[in-house]
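So you can see what is in the structure, the chains are spelled out below.
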Amino acid sequence: TDDVWVRDNGPLFVKDSNGRTYVSDWGFNGWGYDTRFKSDNLVPLAVAKRLRMQRIDAGDTVLEGGAFVMDGEGTLMATLSSILEPRRNPGLSVSELEARLASRLGAKRFIWLQGAPGGKEDITDTHIDGFATFAPGRRLVTLSDEDLAYWGLPAVDIDTLNRATNRDGHPYTKVVLPLTARNVVAPNGVRVGFKGSYVNYYVANKVVLMPAYSDPNDEVAKRLLQSVYRTRVVTSIDVRNLYVGGGMVHCVTQQQPR
């Protein structure tokens, strides 16, 4: 592979109405040609072959796994800046994108955030999995308005998050996680220069893997997440070295259905 971020270059597993699982293989071009990607783009095909699973070719659309989240009931939320940008999907309209997401991922309702171009500091162009995700019980796990602004989200997106409703028009219950209390410093002394997010966690069958930064807010975030995922054990993983490269736990994982 070219990089470690399997959330973005890996397969998206989907199921049909009969419960059969497939590997959905979307296009990947290094976050808009910002990095090498030819080997990364072959990961879904390699996984499909290893699992002897049928592969669905969705390569006409560039879509990274960290660019969207779904609530399990048909609502998809994403930032337009990380999908409909000129070097990912040039000429693709929002309605065309929605049609493809509906037919290939089962999305029935869309919550679009504008996001922001990330530049060299954020080649993802504001992936949503750093600041918002859905949790069981019609919950929306996110940051405070102040921290969302710190994360680079425009005011219109913060308002959209605050007013977000599900497919039936019911508002989500917000769970607000803090950012780290301090700017992240790696064990080898490298200073990242900004704070870290705990929203970028991974949900497994019996545990929740939460990013940790050797920061006072690690335990605060852990207690909050444990109150949401009561049937799972929240486990902290020090991601400071990984964070130097720009990612956290969710970025290097991709769930495969049982």
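See the structure printed just above.
Structural notes, computed from the coordinates. What you are looking at is a predicted structure, and each value in this text was computed from that prediction instead of being measured.

## Observations concerning the side chain of aspartate 157
Point 1. Considering the arrangement of structural elements, one finds aspartate 157 in helix α6 (residues 155–162).
Point 2. Although aspartate 157 is buried, it forms no salt bridge, and the closest oppositely charged side chain is arginine 163 at an N-O distance of 8.8 Å.
Point 3. Within the local environment of aspartate 157, its side chain forms a polar contact with the backbone nitrogen of glycine 115, the two atoms lying 2.6 Å apart.
Point 4. In this view, aspartate 157 contacts Leu113, Gln114 and Gly115; residues no more than four positions away in its chain are not counted.

## Observations concerning unusual backbone geometry
Point 1. Even without glycine at this site, arginine 52 takes up a positive phi of about 55 degrees.
Point 2. Tracing the backbone through its elements, the reader meets arginine 52 in the loop between α3 (43–51) and β3 (55–62).
Point 3. For arginine 52, a relative accessible area of 82% gives the class exposed.
Point 4. The backbone phi angle of serine 214 is positive, close to 55 degrees, even though this residue is not glycine.

## Quick notes on the sheet that holds strand β1 (residues 12–15)
Point 1. The three strands are arranged β1-β2-β3 in an open sheet whose pairing can be described as mixed. At either margin of the open sheet sits one strand with a lone partner, and together these are β1 and β3. Strand after strand, the sheet turns through a mean of 35 degrees between neighbouring axes, direction not considered.
Point 2. By the bridge criterion, five bridges tie strand β2 (residues 21–27) to β3 in an arrangement that is parallel. Each residue of the ladder has a partner; that of serine 24, found in β3, is isoleucine 56.
Point 3. Contacts from α3 reach β1, β2 and β3, with the element oriented near 165 degrees to β2.
Point 4. Running over the sheet, helix α4 (residues 94–105) touches β1, β2 and β3 and is turned about 165 degrees from β3.

## Observations concerning the nonpolar core
Point 1. Counting 40 residues, the largest nonpolar core has Met77, Phe131, Leu140, Leu161 and Leu225 as the members making the most contacts within it.
Point 2. Counting only elements with at least two residues in this core, the list comes to β6 (109–113), β7 (132–135), β8 (139–142), α6, β11 (207–212) and α7 (217–228).
Point 3. If sequence neighbours within four positions are ignored, leucine 225 has contacts with Leu177, Tyr198, Tyr201, Val208, Met210 and Val234.
Point 4. Core analysis: the next-biggest nonpolar cluster, separate from the first, contains 19 residues, Ala58, Leu63, Phe68 and Leu101 among them.

## A short note on the sheet that holds strand β12 (residues 233–238)
Two pairing modes exist for strands in a sheet, parallel and antiparallel, and in both the strands are linked by backbone hydrogen bonds.
Point 1. Spatially, β10-β11-β12 is the arrangement adopted by the three strands of the open sheet, whose pairing is mixed. Each having just a single partner strand, β10 (202–203) and β12 make up the two edges of the open sheet.
Point 2. Contacts between α7 and the sheet are confined to β11 and β12, with β11 contributing the most and set at about 155 degrees to the helix.

Calculation criteria
Residues numbered from 1 in each chain as written. Predicted model: local features only at pLDDT ≥ 70, side-chain atom pairs only at ≥ 80, totals over all residues. Heavy atoms only, no water. Helix = DSSP H or I, 4+ residues; strand = E, 2+ residues; numbered from the N terminus. Buried < 20%, exposed > 50% of the residue type's maximum accessible area, 1.4 Å probe, protein only. Lys, Arg positive; Asp, Glu negative; His and termini not counted. Salt bridge = Lys/Arg side-chain N within 4 Å of Asp/Glu carboxyl O. Polar contact = N/O pair within 3.5 Å; in protein donor to acceptor, adjacent residues only side chain to side chain. Contact = heavy atoms within 4.5 Å. Pairing = 2+ DSSP bridges. Axes fitted to C-alpha atoms, helices over the stretch in contact; angles between N-to-C directions. Core = buried A, V, L, I, M, F, W, Y, C linked by side-chain atoms within 4.5 Å.

All quantities given are derived from atomic positions and should not be read as evidence of function.
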